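# Secondary and tertiary structure notes
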Amino acid sequence: MDGFLVALVISFGVIFVAELGDKSQLMALTFATRFKPVPVLIGITVATAIVHLASVAIGYGLHAALPTSWISLIAGLAFLGFGAWTLRGDKLTEEERRKAEKTSKSAIVAVGVAFFLAELGDKTMLATITLATKYGWFGTWLGSTLGMVAADALAIMVGRLLGRHLPEKAIRYGAAVLFAISGLWLILEAVTKLT
């Protein structure tokens with residue numbers, strides 16, 4: 001598999017898992033109860049594409065400035081941190097829930113702005129920066145954007161069909177384990193290069 005496909009597949013998988021049970025997925029579910037699914041998905045896609053483009057730009061810049069063995073070590077430690085963050089979990093505050101429920105603007109604009117602001121500094125943004133340092137910008141950008149949109153689309157479908165979301169605790173533990181495995185793998189790779 002060439003570099004683009006590796007970046008695309010890994011970024012999609014990591015961000016999809018990271019997004020499960022995240023507060024932006026809960027926002028998608030809330031918006032889907034008020035608006036039709038297609039405008040909600042368009043707003044999510046536009047906001048995600050912009051935030052993740054900025055993320056990969058930062059990650060790509062860091063890649064050019066740091067040796068690859070140190071990048072792997074830092075990325076591995078970051079992924080362990082993301083795993084711990086995932087275990088902690090995210091909750092939608094009452095204010096965020098009210099904003100999602102009472103928005104009277106165009107659905108696409110409302111969802112886009114809410115997701116853009118929610119994703120700034122979020123673990124999926126930081127994970128995208130980390131992935132871009134290792135795998136390059138375009139595949140990482142496309143994969144991370146598609147991964148997040150797919151996870152949020154899943155929340156919308158499940159929420160609309162079943163009236164509830166996936167079991168939060170099981171998803172959170174599963175995502176944390178995947179982050180930990182990825183982090184340990186990157187740390188092992190870095191230690192091997194540094195010795």
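Look a little higher up for the structure.
On a predicted model such as this, the values are computed, not experimentally measured, just so you know.

Considering the arrangement of structural elements, one finds Leu-194 in helix α9 (residues 168-194). The exposure class of Leu-194 is partly exposed, given its relative accessible area of 39%. Sequence separation between Leu-194 and Trp-70 is 124 residues; the distance between their C-alpha atoms is 8.1 Å.

Core analysis: the largest hydrophobic core is formed by 20 residues, its most contacted members being Phe-31, Val-40, Ile-44, Val-111 and Phe-115. The set of elements that each furnish at least two residues to this core consists of α1 (3-19), α2 (23-34), α3 (37-65), α6 (107-119), α7 (123-135) and α8 (137-162). Beyond its immediate chain neighbours, meaning those up to four positions away, Val-40 contacts Ala-28, Phe-31, Ala-32, Phe-35, Val-111 and Ile-156.

A contiguous nonpolar surface patch, about 840 Å² in accessible area, is contributed by Val-38, Ile-42, Val-46, Ile-50, Ile-108, Val-109, Val-113, Phe-116, Leu-117 and Leu-120. Broken down by element, the residue count for the nonpolar patch peaks at five residues, all from α6. Residue position: Val-113 is located in helix α6. Note on Val-113: relative accessible area 47%, which makes it partly exposed.

In the structure shown here, the tally under the stated rule is four aromatic pairs. Aromatic pair Phe-4 and Phe-138: ring centres 5.6 Å apart, planes at 20°, arrangement stacked. Of the two residues, Phe-4 sits in helix α1 while Phe-138 sits in helix α8, which places them 134 residues apart along the sequence. Taking the relative accessible area as the measure of exposure, Phe-138 reaches 37% and is therefore partly exposed. Here Phe-12 and Phe-16 contribute two aromatic rings whose centre-to-centre distance is 5.9 Å and whose plane-to-plane angle is 10°, an arrangement assigned as stacked. With Phe-12 and Phe-16 both in helix α1 and four residues apart, this pair spans about one turn of that helix. Classification of Phe-12 as partly exposed rests on a relative accessible area of 33%. Its relative accessible area of 22% is what places Phe-16 among the partly exposed residues.

Cut-offs applied
Residues numbered from 1 in each chain as written. Predicted model: local features only at pLDDT ≥ 70, side-chain atom pairs only at ≥ 80, totals over all residues. Heavy atoms only, no water. Helix = DSSP H or I, 4+ residues; strand = E, 2+ residues; numbered from the N terminus. Buried < 20%, exposed > 50% of the residue type's maximum accessible area, 1.4 Å probe, protein only. Core = buried A, V, L, I, M, F, W, Y, C linked by side-chain atoms within 4.5 Å. Contact = heavy atoms within 4.5 Å. Patch = residues over 30% accessible without salt bridge, like charges linked within 9 Å, V, L, I, M, F, W, Y side chains within 5 Å. Areas by Shrake-Rupley, 256 points an atom, 1.4 Å probe, with all protein chains shown as cover. Salt bridge = Lys/Arg side-chain N within 4 Å of Asp/Glu carboxyl O. Phe/Tyr/Trp six-rings, centres within 6.5 Å; stacked < 30°, edge-to-face > 60°.

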